[in-house]
Amino acid sequence: MKKVFWAALCLAGLLLSACRERPAPDTVLVFLEETRGCTVEENGRRVPVGEDAVFTLRLDRGWSLTDTDYAGAFDISVSERTATLTLREVRYPTRVGLCLASRYCTVTYEANGGLPVRGGALRESRTYDLALHARPNTAQGADLFVREGYTLTGWNTCADGSGDAVGLGSRVSVPAGGVTLYAQWARWSAAEDFTWRQTQEGAAVTGYHGTDRVAVIPERLDGRPVTSVEAGAFDGCAAAQVVLPPTLLDVTPGAFQNCALETVTLFDGIRSVADGSFQNCPALRTLRINAMEAPFGYAWRKESCYADKVDLLILTQGQRRAVFYGGCSMWYNLDGLQAQQALGDGYRVVNLGLNGTVNSPVQMQILGAFLGDGDIVIHTPELSSRQQMLLRTAMGEQDDKLWCGIENNYDLFALVDLSTVEGVFDSLCRYLSQKNARASYAQIYRDEYDQPYMDRLGCIPFFRSGTQDGLPDRVFLDPALIDREAMERLGAYYAWFQSRGARVYVSCACVNLDAVPEGQRGNAALLDGLLQEAVGRMEGVALISALEDYLYQNEDFFDTNYHLVTQAAQKNTALWLRDLRAQMERDGVWEGV
């Protein structure tokens with residue numbers, strides 16, 4: 001019996017040893033779940049451990065592949081109706097679900113008291129292709145409906161105007177079953193309430209004597225198109241709102257001085273309107289802009305994708321988002337897939353970085369309007385940017401870059417409080433004066449190599465390598481740029497974000513130390529201390545990083561002093577995520593990620 005026992009024990013030992021020495025499998029099985037809207041060529045396959053799994057999908061007509069539940073990084077590329085899905089660095093057997101969406105949506109427009117144009121119908125349906133933009137731009141209306149004595153001011157999801165309002169040409173969220181929009185009409189104020197004079201172009205309003213709460217300037221007076229409003233015409237007007245007609249070209253400085261106006265509605269066909277047109281109008285808060293023509297910006301600036309970036313926030317309402325905001329050093333340098341993989345299913349990553357030279361209060365007011373409970377905001381203000389550091393809050397000529405994105409959804413600007421931002425009308429008209437070329441709402445901005453400037457997370461999707469000679473954009477480490485009053489303004493926005501339910505974390509943007517003036521290159525520690533002191537005065541806000549960790553050399557940059565090459569951007573993203581995780585762990589919220 002002892003011999004049998006010892007023999008069995010030895011056999012068990014040999015088997016156990018063999019199990020321990022068995023090599024790990026060199027391939028893993030990856031399986032794509034079948035789903036409506038596509039067929040998959042070979043939906044199950046084995047791939048070497050740590051390598052990419054590539055699948056080819058044939059999309060049904062009208063469908064697009066938008067997402068997957070794969071835990072790692074993945075890429076989606078589409079050519080006509082063929083989608084290529086690449087799952088990066090597969091290490092374990094996995095079953096992957098696909099998310100597909102209909103590429104088309106239907107918007108139905110109701111005349112709602114108006115009449116059809118040129119033999120049309122009182123109810124018109126249009127189909128929009130969502131291949132390039134997740135939310136469609138609405139019809140501008142002039143080719144659909146008309147109503148004598150009224151101006152078409154927008155659309156609404158309810159006939160009585162009590163639903164969601166959408167400006168003409170602005171964007172709308174369309175549920176799977178489509179959406180119906182009802183024309184909204186503003187009745188012209190009585191012609192006898194106006195004094196006017198004849199001009200070569202039509203009629204110029206010289207005075208208004210009515211008592212309407214909403215003053216609607218007629219499109220015509222005595223059959224002549226109203227094309228201008230002269231100085232003093234509405235001086236002291238008690239109306240809370242004014243609707244400028246689509247025929248209007250010029251508003252003279254002083255035209256609406258000393259008014260009780262709260263809201264101005266105008267059309268982007270206007271030629272000139274200045275901040276001086278609304279002198280001493282302390283209650284003026286809201287500007288609503290209707291589109292008369294398709295955008296110009298797609299043919300000009302990469303920032304034209306701004307409305308697409310904000311759509312990422314609009315379409316993820318109800319989810320927890322990690323919103324990364326800053327200048328182009330955030331736009332270019334956040335590896336969104338890397339961030340999404342680190343944060344997992346706990347947060348949806350949204351990159352709202354745009355350009356450090358454009359107005360930041362405008363962007364922050366738009367951002368804040370869509371924040372909710374559980375969101376986090378990671379702000380990386382560029383220390384060389386007077387706009388990002390809120391030393392400059394007025395709009396100016398640099399904001400042509402911002403308008404070219406806002407024009408793709410003018411409704412976004414209605415979220416901005418005009419009392420907090422100067423130069424709005426001057427800046428808008430400067431931009432509109434350049435609109436001597438036109439694009440389609442269906443277009444998307446691509447560079448000369450046909451590379452898009454935004455992926456599904458709002459980041460730059462293309463690989464960048466090699467440093468150009470003479471990198472543009474100036475870089476400073478100047479203590480004067482951390483101004484106490486400006487930082488208090490920034491803190492007020494952070495406090496508002498928190499009141500919306502979001503946590504706020506402040507990190508650092510990259511700095512090309514080789515581009516800093518020689519006398520400032522040793523200032524990193526000094527600026528770090530000033531930044532810590534300034535953020536430390538803000539209740540509930542955490543500075544999560546040290547500036548000295550974000551110093552780079554010339555060789556790390558691509559085409560400007562703020563755009564890192566891809567490898568350096570991935571390193572920079574890892575630093576942001578390291579600092580973010582450490583602070584979230586201190587806050588006790590990382591466990592929920």
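These numbers were taken from a predicted model, which means no experiment stands behind them.

**Q** I'd love a proper account of the layout of surface pockets, names of residues and values included.
**A** Space inside the second largest pocket adds up to approximately 790 Å³. Lining the second largest pocket we find 34 residues, and of these Ala 165, Val 166, Gly 167, Arg 288 and Asp 411 sit closest to its centre. Listed by contribution, the elements that provide at least two residues to the lining of the second largest pocket are β14 (150–156), β15 (165–166), β16 (179–187), β22 (241–243) and β26 (286–290). For the lining of the second largest pocket, a count of residues per class yields 17 nonpolar, 12 polar and 5 charged.

**Q** Lay out helix α10 (residues 566–587) with the relevant residues and their values.
**A** An α-helix turns once every 3.6 residues. As a result, residues three or four positions apart point the same way. With 22 residues, α10 ought to run about 32 Å at 1.5 Å a step, and its terminal C-alpha atoms sit 31 Å apart, in line with that. Along α10, the positions that sit buried rather than exposed are Thr 566, Ala 568, Ala 569, Asn 572, Thr 573, Leu 575, Trp 576, Leu 577, Asp 579, Leu 580, Gln 583 and Met 584. Just beyond α10, the residue with positive phi is Gly 588, at close to 75°.

**Q** I'd like a description of the environment of Gln 451, backed by residues and values.
**A** With respect to the helices and strands, the residue Gln 451 is situated in the loop between α7 (424–432) and α8 (484–499). With relative accessibility at 23%, the residue Gln 451 sits in the partly exposed group. Spatially, the C-alpha atoms of Gln 451 and Phe 463 are 9.9 Å apart, while their sequence positions differ by 12 residues. Gln 451 has contacts with Tyr 445, Arg 446 and Phe 462, leaving out every residue within four places of it along the chain.

**Q** Quick one: what's the story with the nonpolar core, residue by residue and with numbers?
**A** Soluble globular proteins: nonpolar side chains tend toward being buried together. Counting 142 residues, the largest nonpolar core has Ile 217, Phe 234, Leu 244, Phe 256, Leu 287 and Phe 413 as its most contacted members. The biggest single contributor to this core is α10, with 7 residues. Dropping the residues within four chain positions of it, Leu 287 is found in contact with Val 264, Leu 266, Phe 413, Ala 414, Leu 418, Val 424, Phe 425 and Leu 428. With 20 residues, the next largest nonpolar core counts Leu 32, Val 47, Phe 74 and Val 90 among its residues.

**Q** Let's hear about the packing of helix α5 (residues 360–368) against α8: which residues, and what values?
**A** It is at 10 Å that the axes of α5 and α8 come closest, and there the two elements cross at 10°. With respect to α8, the axis of α5 lies roughly parallel. Between α5 and α8, the contacting residues are Pro 361, Met 364, Gln 365, Leu 367 and Gly 368 on the first element and Leu 490, Tyr 493, Trp 496 and Phe 497 on the second. Considering only residue class, the contact of α5 with α8 consists of 7 nonpolar, 2 polar and no charged.

**Q** Please give an account of the environment of Asn 554 that cites residues and values.
**A** Among the secondary structure elements, Asn 554 is positioned in the loop between β33 (551–552) and α10. What makes Asn 554 partly exposed here is its relative accessible area of 29%. Asn 554 sits 326 residues away from Ser 228 along the chain, and the two C-alpha atoms are 53 Å apart. Sequence-distant contacts of Asn 554, defined by excluding residues within four places in its chain, comprise Thr 467, Leu 471, Asn 512, Asp 514 and Asn 561. Here Asn 512 takes part through its side chain, which lies 3.0 Å from a polar atom of the side chain of Asn 554.

**Q** Can you explain the pattern of salt bridges? Please cite residues and give values.
**A** As enumerated under the stated definition, the model contains 27 salt bridges in all. Residue Asp 143 pairs with Arg 126 through a salt bridge whose shortest N-O separation is 2.8 Å. With a gap of 17 residues between them, Asp 143 in the loop between β12 (123–129) and β13 (145–146) and Arg 126 in strand β12 connect regions that are remote in the sequence. Owing to a relative accessible area of 37%, Asp 143 belongs among the partly exposed residues under this scheme. The partly exposed category is assigned to Arg 126, whose relative accessible area is 28%. Among the salt bridges present, the one from Arg 484 reaches Glu 488, with a minimum N-O distance of 3.6 Å. Here the residue Arg 484 and the residue Glu 488 both occupy positions in helix α8, the gap between them amounting to 4 residues, near one helical turn. Here the residues in one salt-bridge network are Arg 135, Arg 171, Asp 308 and Asp 311, joined through shared partners.

What counts, and where the lines are drawn
- Residues numbered from 1 in each chain as written.
- Predicted model: local features only at pLDDT ≥ 70, side-chain atom pairs only at ≥ 80, totals over all residues.
- Heavy atoms only, no water.
- 1 Å grid on protein atoms, 1.4 Å probe; cavity = no way out; pocket = protein on both sides within 12 Å on 5 of 7 lines; lining within 4 Å.
- Points joined across faces, edges and corners; volume = space filled by probe spheres on them.
- Helix = DSSP H or I, 4+ residues; strand = E, 2+ residues; numbered from the N terminus.
- Nonpolar A, V, L, I, M, F, W, Y, C, P; charged D, E, K, R; others polar.
- Expected span 1.5 Å × (residues − 1).
- Buried < 20%, exposed > 50% of the residue type's maximum accessible area, 1.4 Å probe, protein only.
- Contact = heavy atoms within 4.5 Å.
- Core = buried A, V, L, I, M, F, W, Y, C linked by side-chain atoms within 4.5 Å.
- Axes fitted to C-alpha atoms, helices over the stretch in contact; angles between N-to-C directions.
- Parallel < 35°, antiparallel > 145°, perpendicular 65-115°, else oblique.
- Polar contact = N/O pair within 3.5 Å; in protein donor to acceptor, adjacent residues only side chain to side chain.
- Salt bridge = Lys/Arg side-chain N within 4 Å of Asp/Glu carboxyl O.

Purely geometric stuff here, so don't read any function into it on its own.
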